[in-house]
Structures are given as C-alpha cells and as structure tokens.
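Residue-level listing of the chains:
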Amino acid sequence: MTSDLRRPARTFTIRQLCREFQTTPRALRFYEDKGLLSPSRQGMNRVYSYKDRARLKLVLQGKRVGLALAEIREILELYGKGDGEAAQNAKALRKFKERIIALEQQREDIGAALDILHKACANLEEQLSKVRPDLLPQAEEYDRMVRARVDGHHEPAFMR
C-alpha cells in the first residue's frame, strides 16, 4: 500500500484567501497583475490553488520584512527549476541577509534619533522650567496626545 503525500486538489476563492491572510481582493488582483499569483478561472471567478496560496503567503511575508515585489518575484521564479530548490534557497538566503543588514542599520539609526530627541526634550523642558514653567503641563499633555495617537487611541474632543 503506497501513500500519496501530495497535497489534495483543494482550491480557494478570493474571499477565503482574503479572510485567511487579512488582505483585500484588490491586493490579490494586484499580485496577479504583477505575475506573483496565477489563479485559474471558472467563468468570471478566480480559483486559487495550494501553490497560489503558498505563493501569497511568501509574498506577504516578504513584504512584511521589507522585500520589494521584484525581489519576491525573483525568489518565486526559481521554484521548480529541478535543483531541489537550491537556487531558490540561495537567492532567498542572500536577500534575507541583505534585509537583516538594512534593518539592523535602521535600528541603529532609530536608536540614535531617539537619543537625540530625548536629550533635546530634556533640554527644552529645563529651559522652559526656568523661564515659563506654566508651559510645561501643556508639553506633557501634548506628549500624552501623541502617545495616544501612536497607540491607536483618539485624543479627547477638548484637545482637537
């Protein structure tokens, strides 16, 4: 008795993939236009295969880590070249290491920018405390408002 290890011929609708990956039909059609996905058609409906689903997952992961669509396409195009995916894996490894280097540099740049801003705020608060301490509570309120926006909360109506 042999076992069939291949994926079943299950298909997915655009709605199913959008729901699963929290994306929009427009995004899927865009990826199709860019040659990253190639669903079949049943009448006017797109029908996505396991391969399309796997490719979509890789596209979204690549975007999440900052790869350009052209870079993602380069990696995807190497699939199935008959080399046990060695060329695809080598290309992906090179692109991923390049992104790691770029992101680590961004992290250093962000850290340096935060240090500069924290020092500038401390200096400004010190100066204000000497000449116009009445303005400091406003600065603290502004800071709360900005933090609320960053956290996704809206500021109270009286601050608009």
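As a reminder, the structure under discussion sits directly above these lines.
Residues numbered from 1 in each chain as written. Predicted model: local features only at pLDDT ≥ 70, side-chain atom pairs only at ≥ 80, totals over all residues. Heavy atoms only, no water.

Regarding helix α2 (residues 25-33)
Along α2, the residues classified as buried are Ala27, Leu28, Tyr31 and Glu32. Buried residues in α2, looked at end-on, bunch into an arc of 145°, giving them a common side. Projecting away from the buried face of α2 at angles above 90 degrees are the exposed residues Arg26 and Asp33. (Buried < 20%, exposed > 50% of the residue type's maximum accessible area, 1.4 Å probe, protein only. Helix = DSSP H or I, 4+ residues; strand = E, 2+ residues; numbered from the N terminus. Arc of directions from axis to C-beta.)

With respect to the packing of aromatic side chains
Following the criterion strictly, the structure yields two aromatic pairs and no others. Ring centres 5.3 Å apart and planes at 85° place the aromatic pair Phe12 and Tyr50 in the edge-to-face group. Separated by 38 residues along the polypeptide, Phe12 in the segment before α1 (14-21) and Tyr50 in helix α3 (residues 50-64) bring together distant segments of the chain. Judged by relative accessible area, which is 6%, Phe12 ranks as buried. (Phe/Tyr/Trp six-rings, centres within 6.5 Å; stacked < 30°, edge-to-face > 60°.)

Quick notes on unusual backbone geometry
Glycine aside, the phi torsion of most residues is negative, and most peptide linkages are trans. Phi at Gln22 takes a positive value of approximately 50°, unusual for a residue other than glycine. Here Gln22 is to be found in the loop between α1 and α2. With phi around 65°, Glu85 is a residue other than glycine that occupies positive phi space. Its location among the elements puts Glu85 in the loop between α4 (69-77) and α5 (86-131). On the basis of relative accessibility, which here comes to 22%, the residue Glu85 falls in the partly exposed class.

With respect to the pattern of salt bridges
By the definition in use, this model includes eight salt bridges. Here Glu32 ties to Arg46 by a salt bridge, and the two come within 2.5 Å at their closest N and O atoms. Of this pair, Glu32 sits in helix α2 while Arg46 sits in strand β2 (residues 45-47); the two residues are 14 residues apart in sequence, bridging distant segments of the chain. For Glu74, the salt bridge identified is with Lys95, shortest N-O distance 3.8 Å. Taken together, the positions of Glu74 in helix α4 and Lys95 in helix α5 put the pair 21 residues apart, joining distant regions of the chain. Taking the relative accessible area as the measure of exposure, Glu74 reaches 30% and is therefore partly exposed. Each of the salt bridges in this network shares a partner with another, and the network as a whole consists of Glu71, Glu74, Lys91 and Lys95. (Salt bridge = Lys/Arg side-chain N within 4 Å of Asp/Glu carboxyl O.)

Considering the side chain of Lys91
Among the structural elements, Lys91 can be located in helix α5. Here Glu74 takes part through its side chain, which lies 3.1 Å from a polar atom of the side chain of Lys91. When neighbours within four sequence positions are excluded, Lys91 is seen to be in contact with Glu74, Ile75 and Leu78. (Polar contact = N/O pair within 3.5 Å; in protein donor to acceptor, adjacent residues only side chain to side chain. Contact = heavy atoms within 4.5 Å.)

Thoughts on the side chain of Thr23
As for its placement among the helices and strands, Thr23 is situated in the loop between α1 and α2. Thr23 sits in the buried class, given a relative accessible area of 18%. With residues up to four places along the chain from it excluded, the contact list for Thr23 reads Leu17, Cys18 and Leu28.

Notes on the environment of Arg29
Relative to the helices and strands, Arg29 is located in helix α2. By relative accessible area, Arg29 is classed as partly exposed at 34%. Separated by ten residues in the primary sequence, Arg29 and Pro39 have C-alpha atoms spaced 9.7 Å apart. Not counting chain neighbours up to four residues away, the residues in contact with Arg29 comprise Ile14 and Arg46.

Don't take any of this as a statement about function, it's just geometry.
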